[in-house]
There are 4 protein chains.
Amino acid sequence: MNKINRIGVFTSGGDAPGMNAAIRAVVRAGIYYNKEIVGIYRGYEGMIEGDFEEMDVRSVANILQRGGTMLKSARSKEFRTPEGRKKAFEQLKKSNIDALIGIGGDGSFTGMHHLYLEHGMPYICIPGTIDNDIPGTDYTIGYDTATNTAVEAIDKIRDTALSHNRLFFIEVMGRDSGYIAISSGIAGGAVSIIIPEEETSIDELVEKLNKGGKKNKTSSLVIVAEGGKSGSAMEIAEKVKEKSSYFDTKVTILGHLQRGGTPTYFDRLLASKMGVAAIEGLDQGKTDAMVGIRHHDIIFNKFDDIMNQPKDIHKDDLRIAKILSI
Amino acid sequence: MNKINRIGVFTSGGDAPGMNAAIRAVVRAGIYYNKEIVGIYRGYEGMIEGDFEEMDVRSVANILQRGGTMLKSARSKEFRTPEGRKKAFEQLKKSNIDALIGIGGDGSFTGMHHLYLEHGMPYICIPGTIDNDIPGTDYTIGYDTATNTAVEAIDKIRDTALSHNRLFFIEVMGRDSGYIAISSGIAGGAVSIIIPEEETSIDELVEKLNKGGKKNKTSSLVIVAEGGKSGSAMEIAEKVKEKSSYFDTKVTILGHLQRGGTPTYFDRLLASKMGVAAIEGLDQGKTDAMVGIRHHDIIFNKFDDIMNQPKDIHKDDLRIAKILSI
Amino acid sequence: MNKINRIGVFTSGGDAPGMNAAIRAVVRAGIYYNKEIVGIYRGYEGMIEGDFEEMDVRSVANILQRGGTMLKSARSKEFRTPEGRKKAFEQLKKSNIDALIGIGGDGSFTGMHHLYLEHGMPYICIPGTIDNDIPGTDYTIGYDTATNTAVEAIDKIRDTALSHNRLFFIEVMGRDSGYIAISSGIAGGAVSIIIPEEETSIDELVEKLNKGGKKNKTSSLVIVAEGGKSGSAMEIAEKVKEKSSYFDTKVTILGHLQRGGTPTYFDRLLASKMGVAAIEGLDQGKTDAMVGIRHHDIIFNKFDDIMNQPKDIHKDDLRIAKILSI
Amino acid sequence: MNKINRIGVFTSGGDAPGMNAAIRAVVRAGIYYNKEIVGIYRGYEGMIEGDFEEMDVRSVANILQRGGTMLKSARSKEFRTPEGRKKAFEQLKKSNIDALIGIGGDGSFTGMHHLYLEHGMPYICIPGTIDNDIPGTDYTIGYDTATNTAVEAIDKIRDTALSHNRLFFIEVMGRDSGYIAISSGIAGGAVSIIIPEEETSIDELVEKLNKGGKKNKTSSLVIVAEGGKSGSAMEIAEKVKEKSSYFDTKVTILGHLQRGGTPTYFDRLLASKMGVAAIEGLDQGKTDAMVGIRHHDIIFNKFDDIMNQPKDIHKDDLRIAKILSI
């Protein structure tokens, strides 16, 4: 393999708090190791269009603490075709880019994997998504901040739930993954947590709520991950209302505010470590791989080793949620 | 009028951050002035049921900074009838309560006014509602916190809007009042603010958004007060989408999280001043009145002087919003 | 007076949260009214050096929610001399600047007043200081945010004070002014508030603390404004320790963290209104004046009308603090 | 070993955010497993005095999100003597307590270990300390929240540092441990991090700052862990000022505000898991051990296995801090 001198960095998929910290780490570590760093705007869409910009220390000044991504993100249909990827590769070659560092979720990873298979472009993926649904790492960038945002909202809603003896259904993000729901549910003291990975029985839920109601527990929070088979928070609330008359019921959908906000120390530290590791990994010849964190240590996962296996939800956390919601 | 020795305090209507600080101030100032203070739970509902409790300094320990209301709140249909109010009055008499301090919105004020007219029960109202829609005071308790909560959410959504070049419609609370919408809209840098007090033309809104789109302004926030004639955020977003193809559009409804949370210094200070003033007002023979703040000074408004006039929205703030959204 | 076409804007003195929102409002309102706006960096120091930059909408993009000041601030000894001011004026003329809008405290106001007297340069001052110690306005930009920052810190310290039955002395900012101390003290539930405007008797303080100790009140917070005659928080704590053995005593000096942070809605709204008003004021021929807020309304104060009178602390707030700290 | 039916729970040493969540989990899991739970107030001091209280679900209502510890904490000299521990044991026996769960740092762990050796009292320790300086666990309860509090303060100070081109020395907690300093330093973008575990050369620091000054980096943050051999933040700042004239230098000592505050989701989840695990561990016959977290999994460490080995600071994080501070 040729020496890597010039590296393109981009963000892709849904934005996540800490992506800017990762971009900053890639740029600063790149400079430290005498690489040239090129920012690619709007993910694969900007890659196809050649929307590139040279980056130096000043480009990433004062972004460490900012939510969102200064390189912007977008979804690109064209890149999903071999023709689109060929265009992208030609843009990269025209700009003498030797390797890529992409920050995003499994779609971003898969995109780079295809570019690697079809055109031999070396790359490292940095897992950045609030959903924490990528195998091969204990945590993804953005998950810690998003869960704290959810918990802060839950804390606020608890105030008003307690004041009015109400039952609240709170919908949190996590399309195919219950991580945010489970963690924010335990941390928020939810009576029940509904996740995509498990079927929830409305009858059992109603029974549990009624039992609480009889014990004079007059307000309760149920956390619902969006997009589960059990239905949306709104749908579940409707079904519960039909079967139970004990509660004044409300629904709140937290929505996109979970994506933004100043990243926590955890996400900034994780992003900083992963950004440095991505540069060092490329320098050491690693490719077709994703940076991960295990314990406190950086690891590298080959695409084929992790993307063919599901990331299991922490079953034990669910068990603990049930014990604590007596 | 007889001397007032024993005062009942309660919260009523939607809860608002700072209500606990007001309860604390009523109890502590009451003790300072050698009054007995009785807490009435669940607003007029608890008044009818005689759900009372003696309060001392310990009852209000460590609640100054808590959202919600430790006395709980509820809506009572029965109290809207003369019979219901008679029951409530008899409960108050049975417990030797000489006067009331109620913390809430216009419904709470009106309720006490009727009790005063029908049964001669002296009272002072403390304006506590996030909507800021009560005449006779510059600010109501809870409005400052709720607006900050809305702005914090808007800041988070802006991060993701900027990252994805999106148009966001954000629905804030304020059923008949655009205060939260205007203040959070200006503070959040909204391109447009839609309030109940004004008709909004969808065509003008689309034109404004398109103009921004042409100037390369690729993300925008529109703040919508719930319950306006122009429709909900969801409905307005649908109409805009039909007429404009420039934007990727999303809707977020902030909902009940605006009610809760640790009150700001402003709401705690306001609540503390109003709580002391309510006790001092009753002691000085004031009744059938609401405490208000003008400037930095406490004032008292008689029910008939303020409840028959509408509270005007700050027209000049709307003008400023338009200048700043060029 | 000639028509004003080109306006210089700068920040001066200690930075305050919301200054960026004011700069943004000046630039956007300037463009709305067809003015050219020139940013002057580093206050009077940059004015003397001609450190200027044309500003447009892009210059102030995404700064509304940022603490600090993008135009930076500095203290300038040279500007305090007539020669320094002459240099500054010549730089302004060279750049065809017709008028100034300066955002800062009384030093900034006085500086522009001298420039106006000596060289006829029209100007409007916008009061931006966390200390709230400027007459002619209910609030200065930054005070609301700084007080909330202080209260958030006090809330955190209360947690640990309660857990360990400790007495904490917390020093807040406000060199000659007790505003932050009084407001954060009432909002934070302090047992005593020590401000520069009043002499505090250590004996009375000790007596109060001992009385609380006997009533089993085992943790207490005392708020001290820096720089008062009664001494620093550290000095007062030492004196109290000598005379009282009831408490485990700690001191925390909040310091510069009170200056920074995302501005509250209140400071952003205030800054937005004042920024627009400054442009409109200059356009209407107003000069040698400061924008102020009374109630919800913008007012203009001539330099001579307000700068010769002290701003009184709210005596009534102190009285309320005492009632509530029983 | 006899069956464990009645368990005493207490907090000891410096308080940490999340201790309440751990108490709640112990009580709720205890009830789930049909144990009686007794709260012991003020750590070992209250244990010696027999300051006990039966706990049920209501005792721990609405404490999940509170900083500090509802059971209070204290330091006890008497417990460090065999006689003190004998008294404590007799109080426990008198109250029929079969086992202990103590939440605290190494002092708390050591205390229970002695009680176990001398009197055979079974126990599990839950690591609760903001310093994260206990071997056998990736994280201790309180560390995540305290580091976020430090980073929030650093973010605020950065605003004012940038506005005034200043050099700030910020002292964070961590008496013998640089964890908070390293994590908050990387997350806060510090130019240098000074920890107890490493000697810092003032000359190298000055050289680094001067190098930055020449590159037009006009503001910088240095993070200093309290109590290191290199001196306090104040002392280091003085030494730097003597050798460098480039900067306007300020010092801020964050102090006790790092101990308090609403715990993050991470600390609440960690505390919840550890609380349940402690009950389950005792039930399964585990004793003389501390709960720890590795990865996402609960582990148990025997006292002798972990308390004789130092907890190493993450050397790699320091290396990353240096790469990023170019």
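Residues numbered from 1 in each chain as written. Chains lettered and ligands numbered in written order. Predicted model: local features only at pLDDT ≥ 70, side-chain atom pairs only at ≥ 80, totals over all residues. Heavy atoms only, no water.

- Per an unreviewed UniProt entry, chain A goes by the name ATP-dependent 6-phosphofructokinase and belongs to Marivirga tractuosa.
- Turning to chain A, the UniProt record has this under Subcellular location (unreviewed entry): "Cytoplasm".
- In UniProt, chain A has this text filed under Sequence similarities (unreviewed entry): "Belongs to the phosphofructokinase type A (PFKA) family. ATP-dependent PFK group I subfamily. Prokaryotic clade 'B1' sub-subfamily." (UniProt positions renumbered as here; feature names shortened; annotations may be inferred.)

**Quick look at the relation of the copies chain D and chain A**
A rotation about some axis, followed by a shift along it, carries one copy of the chain onto the other.
Stage number 1. The transformation that overlays chain D on chain A combines an axial shift of 0.0 Å with a rotation of 180 degrees, and the residual RMSD is 0.0 Å. The operation mapping one copy onto its partner corresponds to a two-fold rotation axis. Scanning chain D for the C-alpha nearest the rotation axis identifies His-295 of chain D, at a separation of 2.5 Å.
Stage number 2. The residues that chain D uses at the interface reappear at the interface of chain A in 100% of cases, marking a shared surface. (Least-squares fit on C-alpha atoms with pLDDT ≥ 70 in both. Contact = heavy atoms within 4.5 Å.)

**Describing the packing of aromatic side chains**
Stage number 1. Counted by the stated rule, this structure contains 50 aromatic pairs over all chains.
Stage number 2. For the ring pair Tyr-116 of chain A and Tyr-123 of chain A, a centre distance of 6.1 Å and an interplane angle of 70 degrees mean the geometry is edge-to-face.
Stage number 3. What makes Tyr-116 of chain A partly exposed here is its relative accessible area of 25%.
Stage number 4. On the basis of an interplanar angle of 10 degrees and a centroid distance of 3.8 Å, the ring pair of Tyr-44 of chain C and Phe-79 of chain C is categorised as stacked. Note that Tyr-44 of chain C is positioned in helix H2 (residues 43–49) and Phe-79 of chain C in the loop between strand S3 (52–55) and helix H3 (82–94), a separation of 35 residues in sequence. Take Tyr-44 of chain C and Phe-79 of chain C: they sit in the same class, and that class is buried.
Stage number 5. Put simply, the rings of Tyr-139, Tyr-143, Tyr-179, Tyr-265 and Phe-266 of chain A together with Tyr-139, Tyr-143, Tyr-179, Tyr-265 and Phe-266 of chain D touch in pairs and so form one group of aromatic residues.
Stage number 6. Taking the ring centre of Phe-300 of chain B as reference, the NZ or CZ of Lys-286 of chain B above it sits at 4.8 Å. (Phe/Tyr/Trp six-rings, centres within 6.5 Å; stacked < 30°, edge-to-face > 60°. Buried < 20%, exposed > 50% of the residue type's maximum accessible area, 1.4 Å probe, protein only. Helix = DSSP H or I, 4+ residues; strand = E, 2+ residues; numbered from the N terminus. Lys NZ or Arg CZ within 6 Å of the ring centre and 35° of its normal.)

**Structural notes on the interface of chain D and chain A**
Stage number 1. Residue-level contacts link 47 residues of chain D with 47 residues of chain A.
Stage number 2. Here chain D is connected to chain A by six salt bridges.
Stage number 3. Of the charged contacts, one joins Asp-317 of chain A and Lys-273 of chain D as a salt bridge, the two residues approaching to 2.8 Å between their closest N and O atoms.
Stage number 4. Seen at the junction of chain D and chain A, the total is 20 residue pairs in polar contact (both at pLDDT 80 or more).
Stage number 5. Contributing elements (two or more residues each) for the side of chain D that touches chain A: helix H1 (19–32), helix H5 (143–164), helix H6 (179–188), helix H9 (265–283) and helix H11 (315–324) of chain D. (Salt bridge = Lys/Arg side-chain N within 4 Å of Asp/Glu carboxyl O. Polar contact = N/O pair within 3.5 Å; in protein donor to acceptor, adjacent residues only side chain to side chain.)

**A word on the UniProt feature "binding site: Mg(2+)" (unreviewed entry) in chain A**
Stage number 1. Sites flagged by UniProt as "binding site: Mg(2+)" (unreviewed entry) map to Asp-106 of chain A.
Stage number 2. Within the fold, Asp-106 of chain A resides in helix H4 (residues 106–119).

**Quick notes on the pattern of salt bridges**
Residue and element names in this part refer to chain D.
Stage number 1. Tallied over the full model, the rule gives 80 salt bridges over all chains.
Stage number 2. Notably, a salt bridge pairs Asp-138 with Arg-294, separated by 3.3 Å at the nearest N-O pair. With Asp-138 in the loop between strand S5 (123–127) and H5 and Arg-294 in strand S10 (residues 289–294), this residue pair connects regions lying 156 residues apart in the sequence.

**Remarks on the domain arrangement of chain A**
All names here are of chain A.
Stage number 1. Along its sequence, chain A is carved into domain 1 (6–142 + 263–306) and domain 2 (144–259).
Stage number 2. The C-alpha centroid of domain 2 is placed 34 Å from the C-alpha centroid of domain 1.
Stage number 3. Facing 13 residues of domain 1, the contacting portion of domain 2 comprises twelve residues.
Stage number 4. Between domain 1 and domain 2, a total of about 1000 Å² is buried, with carbon and sulfur atoms accounting for 52% of that surface.
Stage number 5. Where domain 1 touches domain 2, the interface holds zero salt bridges.
Stage number 6. Its residues placed into classes, the side of domain 1 that touches domain 2 shows five nonpolar, four polar and four charged. (Domains from an automatic or database assignment. Buried area = accessible area lost by both parts, 1.4 Å probe. Nonpolar A, V, L, I, M, F, W, Y, C, P; charged D, E, K, R; others polar.)

**A word on the packing of helix H9 (residues 265–283) of chain A against H11 of chain D**
Stage number 1. The N-to-C vectors of H9 of chain A and H11 of chain D enclose an angle of 75 degrees; their axes lie 10 Å apart at closest approach. Judged by the inter-axis angle, H9 of chain A sits roughly perpendicular to H11 of chain D. Here Leu-269, Ser-272, Lys-273, Val-276 and Glu-280 of chain A of H9 of chain A lie close against H11 of chain D, whose contacting residues are Asp-317, Arg-319, Ile-320, Ile-323 and Leu-324 of chain D.
Stage number 2. Along the lines of polarity and charge, the residues of the contact of H9 of chain A with H11 of chain D split into five nonpolar, one polar and four charged. (Axes fitted to C-alpha atoms, helices over the stretch in contact; angles between N-to-C directions. Parallel < 35°, antiparallel > 145°, perpendicular 65-115°, else oblique.)

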